[in-house]
Amino acid sequence: MSNGFLRVDGEKVVDQKGNTVILRGAGLGGWMNMENFITGYPGHERQHRAAMLQVLGKEKQEFFFDKFLEYFFIEDDAKFFASLGLNCIRLPFNYRHFEDDMNPRVLKESGFKHLDRVIDLIYTILDMHALPGGQNPDWHCDSGSNYAAFWDHKDYQDRTIWLWEQIAIHYKSNPWIAGYNPINEPCMPYTTPKIRAIDPHHILWLDGNTFAMEWKSFEHVLPNAAYSIHDYAAMGFPLGERFKGTPEQISSLERTFLRKASFMQNHKVVAWNGEFGPVYSDPRVDSNAAEINQERYNLLGAQLKIYDKYQIPWSIWLYKDVGIQGMVYTDPDSLWNKTIQPFLEKKRRLQLDCWGKYPSPEISSVIGPLAKFIDEVCPEATNTYPTSWNTQRHLARAVMETFMAQAFAVEFASLLKSFSMQELDEAAKSFRFDRCVQRKGLNKIMSEHAKGREL
């Protein structure tokens, strides 16, 4: 039973009775905003859906995606979540569930169908993860490119504000909404007055800039607002240094967190870690997967101790996937995984996905010399936003993860070409909770830190 609307009180979130509520949970990525590494396809969601339409036809394509949405998060998932002591879902969604590019500003009420049933199960922060035009250069914006056109077209911005107005109208009286995360990576503060005019009650959770890591353009705080960092540690990924728990590594984790959260600490407002978490090794790829994964559990535990120290709310990335990062994941023997496994191996070899990618001498031998050439003949290229990316990362995003990845979309969809309706249902059912595998080491650590602990 809800204790009324949550609100910000200084550096805390409280309920209507003034009790402190520390929201801790996970992001439901890959569901209403699909991502390539989460479910296995290459490229961007829009390309995946278009390829599935081309290969399967309209009836089968619509059937598959509706079943996927139905099975991905159900009451059993919410019960499992609660059994770990977790109390909040960050729910990323794609604007295309509510509006078509060729029919703008006409609300698709069907977009609320699945959102509504999840929100009725658990505290939910609504996160618009993909905006018209794309708000950053990464795949999860579903723009189809590496160009963040959102910032250069007022109409994209106006459509986003309009859509948030419709969402606020729909949910303004629902106390199970823990708030609105208007834009994922980065923020557009001028959405807030329009939302506030309709819904003055719900918390606004605002991301920092440059992938929620810095606050250079933020000059003052807004009432009833919390501010979000994303605190991924490179030591949790295959290309990063391995975590050994040294004092230097642990000190680095805390320094990084404090740097990202300095705006919130200086202004005495709520700091929310909206995304963090390592990826996990597959024993089919790494012979020492168990050792690597234990190191990453240890890394996660070290981060969570820091978050306990500062008593912040958090939402780990990720709840469910095909075995990369999720708290639960599809069974390797499921119809979905057995069907796509050879393609996943191809994606890994060609580095078609950014997230969790492994070293590839083959790709480095292609991209590396070109990046070096560009840096030599055009030093200004190193100032391309995001400037935290080197030229090789920009090329990988533009060439491997965008241009080449989208060219594989039909090949991936063709893996399901011969499937009957029953087989499509079975493939989608691979994501249902009772068919999935629990990542017990991860879930144990999260449960231990779900309530926060005094050190």
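Residues numbered from 1 in each chain as written. Predicted model: local features only at pLDDT ≥ 70, side-chain atom pairs only at ≥ 80, totals over all residues. Heavy atoms only, no water.

Student: Explain the packing of helix α5 (residues 112–119) against helix α6 (residues 154–171) to me, please; I cannot follow it from the model alone.
Tutor: The geometry of a pair of packed helices is captured by two quantities: the angle between their axes and the separation between those axes. The contact between α5 and α6 brings their axes to 13 Å, and the two run at 45 degrees. By the angle between their axes, α5 is oblique relative to α6. When you trace α5 past α6, the crossing you get is right-handed. Of α6, the residues touching α5 (which contributes Phe112, Leu115, Asp116 and Ile119) are Gln166, Ile167, His170 and Tyr171. Across the contact of α5 with α6, the residue classes tally to five nonpolar, two polar and one charged. (Axes fitted to C-alpha atoms, helices over the stretch in contact; angles between N-to-C directions. Helix = DSSP H or I, 4+ residues; strand = E, 2+ residues; numbered from the N terminus. Parallel < 35°, antiparallel > 145°, perpendicular 65-115°, else oblique. Left-handed = near helix turned anticlockwise from the far one by under 90°. Contact = heavy atoms within 4.5 Å. Nonpolar A, V, L, I, M, F, W, Y, C, P; charged D, E, K, R; others polar.)

Student: Would you mind showing me how to read the side chain of Ser430 here?
Tutor: Along the polypeptide, Ser430 turns up in the loop between α16 (421–429) and β13 (436–438). For Ser430, a relative accessible area of 2% puts it in the buried group. Once you skip the residues sitting within four places of it in the chain, Ser430 turns out to touch Thr330, Ser334, Leu335, Trp336, Arg435 and Cys436. (Buried < 20%, exposed > 50% of the residue type's maximum accessible area, 1.4 Å probe, protein only.)

Student: When you look at the packing of aromatic side chains in this model, what are you seeing that I'm missing?
Tutor: Within a pair of aromatic rings, the relevant descriptors are the distance that separates the centres and the angle that separates the planes. Scanning the model with the defined rule gives 38 aromatic pairs in all. For the pair Trp336 and Phe412, a centre-to-centre distance of 6.0 Å together with 70 degrees between the ring planes defines the contact as edge-to-face. Here Trp336, found in helix α12 (residues 335–350), pairs with Phe412, found in helix α15 (residues 409–413); they are 76 residues apart in sequence, far enough to count as distant. We classify Trp336 as buried; its relative accessible area is 3%. The buried category is assigned to Phe412, whose relative accessible area is 0%. Following the ring pairs from residue to residue traces out a cluster consisting of Phe64, Phe65, Phe68, Phe72, Trp336, Phe343, Phe408, Phe412 and Phe431. Note that Arg49 overlies the ring of Phe65, its terminal NZ or CZ placed 4.2 Å from the centroid. The ring of Phe72 carries the charged tip of Lys320 above its face, separated from the ring centre by 5.2 Å. (Phe/Tyr/Trp six-rings, centres within 6.5 Å; stacked < 30°, edge-to-face > 60°. Lys NZ or Arg CZ within 6 Å of the ring centre and 35° of its normal.)

Student: Honestly, unusual backbone geometry in this entry has me stumped. Any pointers?
Tutor: Negative phi characterises most residues that are not glycine, and trans characterises most peptide bonds. Of note, the bond from Glu185 into Pro186 is cis; its omega dihedral lies within 30 degrees of zero at 5 degrees. Here Pro186 is to be found in the loop between β6 (177–181) and α7 (192–198). Cis geometry is adopted by the peptide bond preceding Pro386, which originates at Tyr385 and carries an omega value of -5 degrees. Positioned with a positive phi, Gln311 is a non-glycine residue whose angle comes to about 50 degrees. Inspection of the secondary structure assignment puts Gln311 in the loop between α11 (289–309) and β10 (314–316). Among the residues examined, Gln311 registers a relative accessible area of 27% and is labelled partly exposed.

Student: Where do I start with helix α3 (residues 58–72) in this structure?
Tutor: Since the α-helix advances by 3.6 residues per turn, residues separated by three or four positions end up pointing in the same direction. Spanning 15 residues, α3 covers 21 Å between terminal C-alpha atoms, matching the ideal 21 Å at 1.5 Å per step. Three or more residues of α3 are buried, namely Gln61, Phe64, Phe65, Lys67, Phe68, Leu69, Tyr71 and Phe72. (Expected span 1.5 Å × (residues − 1).)

Student: Looking at this structure, I do not really get the side chain of Asn94. What am I missing?
Tutor: Counting through the fold element by element, Asn94 comes out in strand β4 (residues 88–94). On the basis of relative accessible area, Asn94 is assigned to the buried category, the value being 1%. Among the polar contacts made by the side chain of Asn94, one reaches the side chain of Asn33 at a distance of 3.4 Å. Filtering out sequence-adjacent residues up to four positions away, Asn94 remains in contact with Met32, Asn33, Glu45, Ala130 and Asp142. (Polar contact = N/O pair within 3.5 Å; in protein donor to acceptor, adjacent residues only side chain to side chain.)

Student: What's the story with the pattern of salt bridges in this structure? I'm lost.
Tutor: Pairs can form between side chains of opposite charge once their charged atoms are near each other. Enumeration over the complete set of coordinates arrives at 34 salt bridges. Of the charged contacts, one joins Glu62 and Lys58 as a salt bridge, the two residues approaching to 2.8 Å between their closest N and O atoms. In this pair, Glu62 and Lys58 are both assigned in helix α3, four residues apart and thus about one turn of the helix distant. Taking relative accessible area as the criterion, Glu62 reaches 41% and is therefore assigned partly exposed. Since its relative accessible area comes to 55%, Lys58 is described here as exposed. Across the salt bridge formed by Asp100 and Lys108, the nearest N and O atoms sit 3.1 Å from each other. Lys108 sits in the partly exposed class, given a relative accessible area of 25%. Members of the salt-bridge network, linked through shared partners, are Arg96, Glu99, Asp101, Asp142 and Arg159. (Salt bridge = Lys/Arg side-chain N within 4 Å of Asp/Glu carboxyl O.)

Student: Before we go on, may I ask you to explain the packing of helix α2 (residues 45–56) against α3 in this structure?
Tutor: At their nearest, the axes of α2 and α3 sit 7 Å apart, and the two run at 135 degrees to each other. Considering their axes alone, α2 and α3 lie oblique with respect to each other. Considering the relative orientation of α2 and α3, their crossing is right-handed. The residues of α3 that touch α2, namely those facing His48, Arg49, Met52, Leu53 and Leu56, are Lys58, Lys60, Gln61, Phe64 and Phe65. Classifying every residue of the contact of α2 with α3 gives five nonpolar, two polar and three charged.

Student: Help me out: how do you make sense of the sheet that holds strand β11 (residues 320–321) in this one?
Tutor: Adjacent strands of a sheet pair through backbone hydrogen bonds, lying either parallel or antiparallel. Pairing is mixed across the open sheet formed by three strands, whose spatial order is β11-β12-β13. With partners counted over all chains shown, the strands left at the sheet margins are β11 and β13, one partner each. Direction of pairing for strand β12 (residues 328–330) relative to β13: antiparallel, over a ladder of three bridges. Bridged to Tyr329 within β13 is Val437. (Pairing = 2+ DSSP bridges.)

Student: Sorry if this is basic, but what is going on with the pairing of strand β8 (residues 225–230) here?
Tutor: Strand residues, when the strand is regular, have side chains that alternate between the two faces of the sheet. Among the six residues of β8, six are classified as buried, and the element is accordingly described as predominantly covered. Inspection of the sheet shows β8 paired to strand β9 (residues 271–275) by four bridges, in the parallel sense. In the sheet register, Tyr227 faces β9, and the bridge partner there is Ala271.

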